[in-house]
Amino acid sequence: MFNINGRRFVNAMIFISFISGIVSWLWHPFVWSFVLTVPVFLIGLIDMNQKSNTIIRNFPFLGHFRYLFLSISPEIRQYFVESNTDGKPFNKNQRDFVNKRSEKKFETHPFGTELDVYADQYQWAAHSIYPIDKNKIPQRTLIGGADCKQPYDASIYNISAMSFGSLSAAAVRALNKGANMGSFYHNTGEGGISDYHLEFGADLVWEIGSGYFGCRKEDGNFDPGLFKEKAGMDSVKMIEIKLSQGAKPGHGGVLPAAKNTKEIADIRGVEPHTKVVSPAYHKAFSSPQGLLQFVQELRDLSGGKPVGFKLCIGKESEFTDICKSMTETGIKPDFITIDGGEGGTGAAPIEFSDSIGMPLEEALVFVTDTLNGFNLKKDIHVIASGKIITGFDIIRAMALGADLCNSARGMMFALGCIQALKCDTNECPTGITTHNPNLTRGLVVSDKATRVANFQSQTVDAAQEILAGMGLSKFEQLNRNHIHKRTGTDQIKTFEEIFPTVETGAYF
Ligand SMILES: Cc1cc2nc3c(=O)[nH]c(=O)nc-3n(C[C@H](O)[C@H](O)[C@H](O)COP(=O)(O)O)c2cc1C
Ligand code: SF4
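Residues numbered from 1 in each chain as written. Chains lettered and ligands numbered in written order. Predicted model: local features only at pLDDT ≥ 70, side-chain atom pairs only at ≥ 80, totals over all residues. Heavy atoms only, no water.

**Student:** Tell me what's going on with the overall build of the protein chain, and back it up with residues and numbers.
**Tutor:** A count of helical and extended segments in the protein chain gives 19 helices and 15 strands. Put simply, the protein chain has 508 residues, and 48% of those count as buried. Sequence-distant contacts, at least 24 apart, represent 68% of the contacts inside the protein chain between residues at least 6 apart. Taken as a whole, the protein chain presents about 24300 Å² of accessible surface, with 56% of it coming from carbon and sulfur. Seen as two clouds, the 51 positive and the 54 negative side-chain charges of the protein chain have centres 5 Å apart. (Helix = DSSP H or I, 4+ residues; strand = E, 2+ residues; numbered from the N terminus. Buried < 20%, exposed > 50% of the residue type's maximum accessible area, 1.4 Å probe, protein only. Contact = heavy atoms within 4.5 Å. Areas by Shrake-Rupley, 256 points an atom, 1.4 Å probe, with all protein chains shown as cover. Lys, Arg positive; Asp, Glu negative; His and termini not counted. Charge placed at Lys NZ, Arg CZ, Asp CG, Glu CD.)

**Student:** Hey, could you go over empty space enclosed by the protein for me, with residue numbers and the actual values?
**Tutor:** One pass over the structure, following the stated rule, counts two cavities of 30 Å³ or more. For the largest cavity, the calculated volume is near 150 Å³. Glu190, Lys242, His251, Gly252 and Pro279 are, among the 16 residues lining the largest cavity, the residues nearest its centre. Taken together, the residues of the lining of the largest cavity sort by class into three nonpolar, ten polar and three charged. Taken as a whole, the second largest cavity spans an internal volume of roughly 80 Å³. Forming the boundary of the second largest cavity are 13 residues, of which Cys417, Ala420, Cys423, Cys428 and Thr430 lie nearest the centre. Among the residues making up the lining of the second largest cavity, the classes are represented as nine nonpolar, three polar and one charged. (1 Å grid on protein atoms, 1.4 Å probe; cavity = no way out; pocket = protein on both sides within 12 Å on 5 of 7 lines; lining within 4 Å. Points joined across faces, edges and corners; volume = space filled by probe spheres on them. Nonpolar A, V, L, I, M, F, W, Y, C, P; charged D, E, K, R; others polar.)

**Student:** Outline the site of ligand 1, supporting the account with residue identities and numerical values.
**Tutor:** Close to ligand 1 lie 23 residues; Ala161, Glu207, Gly344, Lys387 and Arg409 are nearest. The contact in question runs from an oxygen atom of ligand 1 to an N or O atom on the side chain of Ser160, over 2.8 Å. A distance of 2.7 Å separates an oxygen atom of ligand 1 from a polar atom in the backbone of Ala161. Surface burial for ligand 1 is 98%, taken as the share of its 610 Å² of free accessible area covered by protein chains. Residue classes in the shell around ligand 1 are distributed as four nonpolar, twelve polar and seven charged. (Near = heavy atom within 4 Å. Polar contact = N/O pair within 3.5 Å; in protein donor to acceptor, adjacent residues only side chain to side chain.)

**Student:** Before we move on, could you go through the nonpolar core and cite the residues and values that matter?
**Tutor:** With 102 residues, the main nonpolar core has Phe309, Phe319 and Ile338 as its most contacted residues. Beyond its immediate chain neighbours, meaning those up to four positions away, Phe319 contacts Phe309, Leu311, Ile313, Ile336, Phe366, Val367, Thr370 and Leu371. Of all hydrophobic cores here, the second largest spans nine residues; its members include Tyr152, Ala154, Ile383 and Leu404. (Core = buried A, V, L, I, M, F, W, Y, C linked by side-chain atoms within 4.5 Å.)

**Student:** Describe the pairing of strand S10 (residues 307-311), and please don't skip the residues or the numbers.
**Tutor:** For S10, a buried count of five out of five residues is recorded, marking the element as mostly surrounded by other parts of the structure. Because side chains alternate across S10, one face comprises the buried residues Val307, Phe309 and Leu311, and the other comprises Gly308 and Lys310, equally buried. By the bridge criterion, four bridges tie strand S7 (residues 236-242) to S10 in an arrangement that is parallel. If you follow Glu240 over to S10, its bridge partner there is Gly308. (Pairing = 2+ DSSP bridges.)

**Student:** Report on the site of ligand 2, specifying residues and quantitative values.
**Tutor:** As a matter of local geometry, ligand 2 sits amid Met412, Cys417, Ile418, Gln419, Ala420, Leu421, Lys422, Cys423, Cys428, Thr430 and Thr433. Among the detected pockets, ligand 2 sits in the second largest cavity. Of the residues assigned to the shell around ligand 2, the class counts are seven nonpolar, three polar and one charged. (Sits in = over half its atoms within 2 Å of the grid points.)

**Student:** Which residues make up the domain arrangement of the protein chain, and what values do they have?
**Tutor:** Looking at the protein chain, the domain boundaries give domain 1 (4-71) and domain 2 (124-498). Between the C-alpha centres of domain 1 and domain 2 there is a distance of 54 Å. (Domains from an automatic or database assignment.)

**Student:** Can you break down unusual backbone geometry residue by residue, with the values?
**Tutor:** Note: most residues except glycine have negative phi, and most peptide bonds are trans. The step from Lys88 to Pro89 runs through a cis peptide bond, and the omega angle for that step is 0°. Mapping Pro89 onto the fold places it in the loop between helix H5 (73-81) and helix H6 (92-102). We note that Lys387 has phi near 60°; this positive angle belongs to a residue other than glycine. We classify Lys387 as partly exposed; its relative accessible area is 31%. Despite not being glycine, Leu421 has its phi angle at roughly 55°, a positive value. By the secondary structure assignment, Leu421 is in the loop between helix H16 (409-415) and helix H17 (437-440).

**Student:** Please give an account of the pattern of salt bridges that cites residues and values.
**Tutor:** Per the stated rule, a full pass over the model turns up 17 salt bridges. Measuring nitrogen to oxygen at the nearest pair gives 3.1 Å for the salt bridge that ties Glu103 to Lys105. Its relative accessible area of 36% is what places Glu103 among the partly exposed residues. We classify Lys105 as exposed; its relative accessible area is 59%. Between Glu103 and Arg451 there is a salt bridge, with its nearest N and O atoms 3.2 Å apart. Residue Glu103 is located in the loop between H6 and strand S1 (123-125), and its partner Arg451 is located in helix H18 (residues 445-469); the two are separated by 348 residues in the primary sequence. (Salt bridge = Lys/Arg side-chain N within 4 Å of Asp/Glu carboxyl O.)

Okay, here's the thing in structure tokens:
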């Protein structure tokens, strides 16, 4: 019945049990040896007879150690193996400095850079012999084109879309409180506006995904009446239509019945305890003109608040068609959020995260060039997201055409995320992406809110300081000539040389 290893194991166990039995009969404390050997023996027997796992069938009992070590290998790598500059998606240095900035402990770094400045892809900003006073540099930008009646004065660094559902109530509350303390916006994510998003009165960007959560009819279509009611709320400062996100572009979402609690169902406007599908496409439009009319409809219904859309660039021609349509219809979004293919998520199929969607650098260049080519850039703010966690990241995104930036995972680090990579398991050890009360109790809202506010303000200060060192007085002055990149062992290029800027109006 058993294979050779199994038989050896059983023989060994019988022998050990027999010896233990005799010794324990002779010497009382050895009764304890039975407590150890009998369960091992039984586990071994079960292992040998199960049919689903080859390793455990061939190596009874011992095979479990392989899975035990595999299950803690991320922790072992993080604690004992990882160097300061490796570790993915964010390396140890990056995680550490968000942590220190959150505690206001990060003023300086000792002894010089740990980066290899001669490595391919190394990038740096061009400083000036004539720096200026950083305090004169504005940190905010006014969003809203000609059709917008309630323009919004946004910070240059904000909280990117993450829903209540993918985040715990405690995490949403801490983000909201932090955003209110630091006067920057909190994007709701596509899961609707919950009470937690309103609790501390932070400025909100209400994101509307293809599920139209919070403004949906029973059949899953967009409900203008419900939208109008919520978009009119004072906290809602802007509206973002989500077309796609970098970690899973072209992929919809499913809220499993088990996760669709009464609370989440009420917020999303769906039937509790049922499976709810967010399709990959919007039912409200299916063409460039349709999208722009939807932008216009939302702007009118909201009383003229800024309305934009978020996407990760896929087929370039589709984005170009939207820009053409803007010039034909005269309807323009107030902002466009560009999410790089390197963007994060709570859960996504690995192929979509790894191999679909344009990375942020190329996407920003393409979008800015296309908007410039159609002479639209002057009317539309570009918001960038995708691993933007330092002052230099902000400067680089802006040099490539962004007007402001969002961060999701940077803000999660500020909340205490340790990159345990269990966001899709409901076992997040830091209480951020779990609804297990035993874990969320560790996330103390008042403490984490202060950390979020500190991280945001110190990162913006760092960007301001770099800009001052570059001798520039406004973020708008940044351009592709300001950032250099090593493109080979003995080759350096500016972004302008790599991606020459398209002249304004060149596409007419
Ligand atoms: C936990 C989590 C949940 C997210 N939920 C949403 C969402 O509801 N809507 C959306 O547009 N993007 C969502 N995103 C993507 C982020 O908003 C952001 O675009 C992306 O992570 C890139 O930013 P980052 O590199 O700073 O994380 C989510 C990301 C994370 C990590
Ligand atoms: S600590 Fe929580 S939020 Fe951070 S990566 Fe791990 S599971 Fe995700």
